[in-house]
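Below are the chains, spelled out letter by letter.
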Amino acid sequence: MVGLIYLLIVVLMLVSMWKIFEKAGRQGWEGIIPIYNIYVMLQIINRPWWWLLIIIFVPIANIVFSFLMLREFLAKFGKGVGFTIATIFFGFITLPMLAFGDATFKNE
């Protein structure tokens, strides 16, 4: 039973990431490819490619850069710091809200 619930959550997260990237004007599949989705997210928030190297290879700094990246990405959807914190701890709830809710992408 636990395995089934886990599988449903994984599918929900994949579908949510697909929809979020489509809302951001990108191809949906780009949101579900590990590492590449981080690279695309960095492009969306206009950050340099070398942030990806920091996120992958530099301990401690990767946490800070990941939080900054997520904060800026969610800000493009009009979400605040509270939503960012909620996403860090409860992404399985907030990402579907972002994907299927009325949030729109604002590329400013």
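The structure contained in this document is the topic of the report that follows.

Calculation criteria
Residues numbered from 1 in each chain as written. Predicted model: local features only at pLDDT ≥ 70, side-chain atom pairs only at ≥ 80, totals over all residues. Heavy atoms only, no water. Buried < 20%, exposed > 50% of the residue type's maximum accessible area, 1.4 Å probe, protein only. Helix = DSSP H or I, 4+ residues; strand = E, 2+ residues; numbered from the N terminus. Arc of directions from axis to C-beta. Contact = heavy atoms within 4.5 Å. Lys, Arg positive; Asp, Glu negative; His and termini not counted. Salt bridge = Lys/Arg side-chain N within 4 Å of Asp/Glu carboxyl O. Axes fitted to C-alpha atoms, helices over the stretch in contact; angles between N-to-C directions. Parallel < 35°, antiparallel > 145°, perpendicular 65-115°, else oblique. Left-handed = near helix turned anticlockwise from the far one by under 90°. Nonpolar A, V, L, I, M, F, W, Y, C, P; charged D, E, K, R; others polar.

1. Considerations on helix H3 (residues 50-57)
Within the sequence span of H3, burial applies to Trp 51, Leu 52, Ile 54 and Ile 55. The buried residues of H3 occupy one face: seen down the axis, they fall within an arc of 160°. Where the residues of H3 are buried, they touch helix H2 (36-44) and helix H4 (61-75).

2. Some remarks on the side chain of Lys 76
Within the secondary structure, Lys 76 is located in the loop between H4 and helix H5 (81-100). Although Lys 76 is buried, it forms no salt bridge, and the closest oppositely charged side chain is Glu 72 at an N-O distance of 7.3 Å. Beyond its immediate chain neighbours, meaning those up to four positions away, Lys 76 contacts Ile 44, Ile 45, Asn 46, Thr 104, Phe 105, Lys 106, Asn 107 and Glu 108.

3. Looking at the side chain of Thr 87
Following the sequence through the fold, Thr 87 ends up in helix H5. Exposure remark for Thr 87: the relative accessible area of 8% places this residue in the buried category. Discounting residues that sit within four places of it in the chain, Thr 87 has contacts with Leu 70, Leu 74, Thr 94 and Leu 95.

4. A word on the environment of Met 17
Within the element layout of this structure, Met 17 appears in helix H1 (residues 2-23). With 17 residues separating them along the chain, Met 17 and Pro 34 place their C-alpha atoms 11 Å apart. Filtering out sequence-adjacent residues up to four positions away, Met 17 remains in contact with Gly 31, Ile 32, Met 41 and Leu 95.

5. Focus on the packing of H3 against H4
Direction vectors running N to C along H3 and H4 enclose 130°, while the axes themselves pass 7 Å from each other. By the criterion of interaxial angle, the relationship of H3 to H4 is oblique. For the pair H3 and H4, the sense of crossing is left-handed. Contacts between H3 and H4 involve Trp 50, Trp 51, Ile 54 and Ile 55 on the former and, on the latter, Ala 61, Asn 62, Phe 65, Ser 66, Leu 68, Met 69 and Glu 72. Its residues assigned to classes, the contact of H3 with H4 shows 8 nonpolar, 2 polar and 1 charged.

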